[in-house]
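These are the residues of each chain, in order.
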Amino acid sequence: MADPEILAIGGRRPETATGNVGVVMLVATGKGADTQWFDYRPAFFAEIVRVEWDSDTMSVVLPVDVSEYLLRNHYAREMTNEEAGVYNRLLEEAETEVEEVPPPRKSRKGEES
């Protein structure tokens with residue numbers, strides 16, 4: 001699934017610090033309640049590879065080898081800088097929501113929480 005790292009914008013293409021690439025999928029071969037996916041076979045005798053991403057978007061961050069195959073065969077396109085900015089904002093908002101959850105209260109001896 002998608003790598004939750006911030007995309008660097010302004011370079012040749014939107015990439016994370018670890019080198020993963022932001023792409024927009026153009027094709028999905030299946031969809032579930034929370035995810036959708038695209039299955040492909042990179043070579044005739046190779047195992048089928050599945051790319052999964054959230055069902056409410058077509059944007060996904062993938063390893064270089066996978067993204068290059070999908071881009072070369074027109075199953076995906078590179079994210080624009082604007083799309084990468086939206087991806088980064090949504091990622092930051094999701095991290096903020098997780099941080100705002102208060103820790104459970106500890107009860108003292110003899111008190112109920």
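Residues numbered from 1 in each chain as written. Predicted model: local features only at pLDDT ≥ 70, side-chain atom pairs only at ≥ 80, totals over all residues. Heavy atoms only, no water.

### Quick word on helix H1 (residues 64-72)
Every buried residue of H1 is accounted for by Val-66, Ser-67, Tyr-69, Leu-70 and Leu-71. Of the surrounding secondary structure, the elements contacted by the buried residues of H1 are strand S1 (21-25), strand S3 (35-40), strand S4 (49-54), strand S5 (59-62) and strand S6 (76-78). At the exit of H1 stands His-74, carrying a positive phi of roughly 65 degrees. (Buried < 20%, exposed > 50% of the residue type's maximum accessible area, 1.4 Å probe, protein only. Helix = DSSP H or I, 4+ residues; strand = E, 2+ residues; numbered from the N terminus. Contact = heavy atoms within 4.5 Å.)

### Notes on the sheet that holds S5
Taken in spatial order, the three strands of this open sheet run S5-S1-S6, and their pairing is antiparallel. The sheet is open, and its two edges are formed by S5 and S6, each paired on a single side. When strand polarity is set aside, the average angle formed by the axes of neighbouring strands in this sheet is 40 degrees. Here S1 runs beside S6; their pairing, made up of three bridges, is antiparallel. The residue of S6 that forms the bridge with Val-24 is Arg-77. Relative to the sheet, H1 contacts S1, S5 and S6, its axis offset from that of S1 by approximately 35 degrees. (Pairing = 2+ DSSP bridges. Axes fitted to C-alpha atoms, helices over the stretch in contact; angles between N-to-C directions.)

### Here's the deal with the nonpolar core
Membership of the largest hydrophobic core comes to 14 residues, with the highest contact counts inside it found for Val-23, Met-25, Tyr-40, Val-51, Leu-62 and Leu-70. When contributions to this core are tallied by element, the ones reaching two or more residues are S1, S3, S4, S5 and H1. It is H1 that contributes the most residues to this core, four residues altogether. Each residue touching Val-51, except ones within four places of it in the same chain, is listed here: Gln-36, Trp-37, Phe-38, Tyr-40, Leu-62, Val-66 and Leu-70. Counting seven residues, the second-largest nonpolar core is a separate cluster that includes Leu-7, Val-24, Ala-84 and Tyr-87. (Core = buried A, V, L, I, M, F, W, Y, C linked by side-chain atoms within 4.5 Å.)

### Notes on the environment of Arg-77
Residue position: Arg-77 is located in strand S6. Residues within four places of Arg-77 in sequence aside, it is in contact with Val-23, Val-24, Leu-26, Leu-71 and Glu-83.

### Let's talk about the pattern of salt bridges
Applying the stated criterion to the full structure yields three salt bridges. Here Glu-83 makes a salt bridge to Arg-77, at a shortest N to O gap of 2.7 Å. Judged by its relative accessible area of 24%, Glu-83 falls in the partly exposed class. (Salt bridge = Lys/Arg side-chain N within 4 Å of Asp/Glu carboxyl O.)

### Side note on the pairing of S5
Alternating positions in S5 separate into two faces, Ser-59 and Val-61 on one and Val-60 and Leu-62 on the other, with burial throughout. For S1 and S5, the ladder comprises four bridges, and the chain directions are antiparallel. Note on S5: the bridge partner recorded for Gly-22 is Val-61.

### With respect to unusual backbone geometry
The phi dihedral of His-74 is positive, around 65 degrees, even though this residue is not glycine. Its location among the elements puts His-74 in the loop between H1 and S6. Note on His-74: relative accessible area 62%, which makes it exposed.

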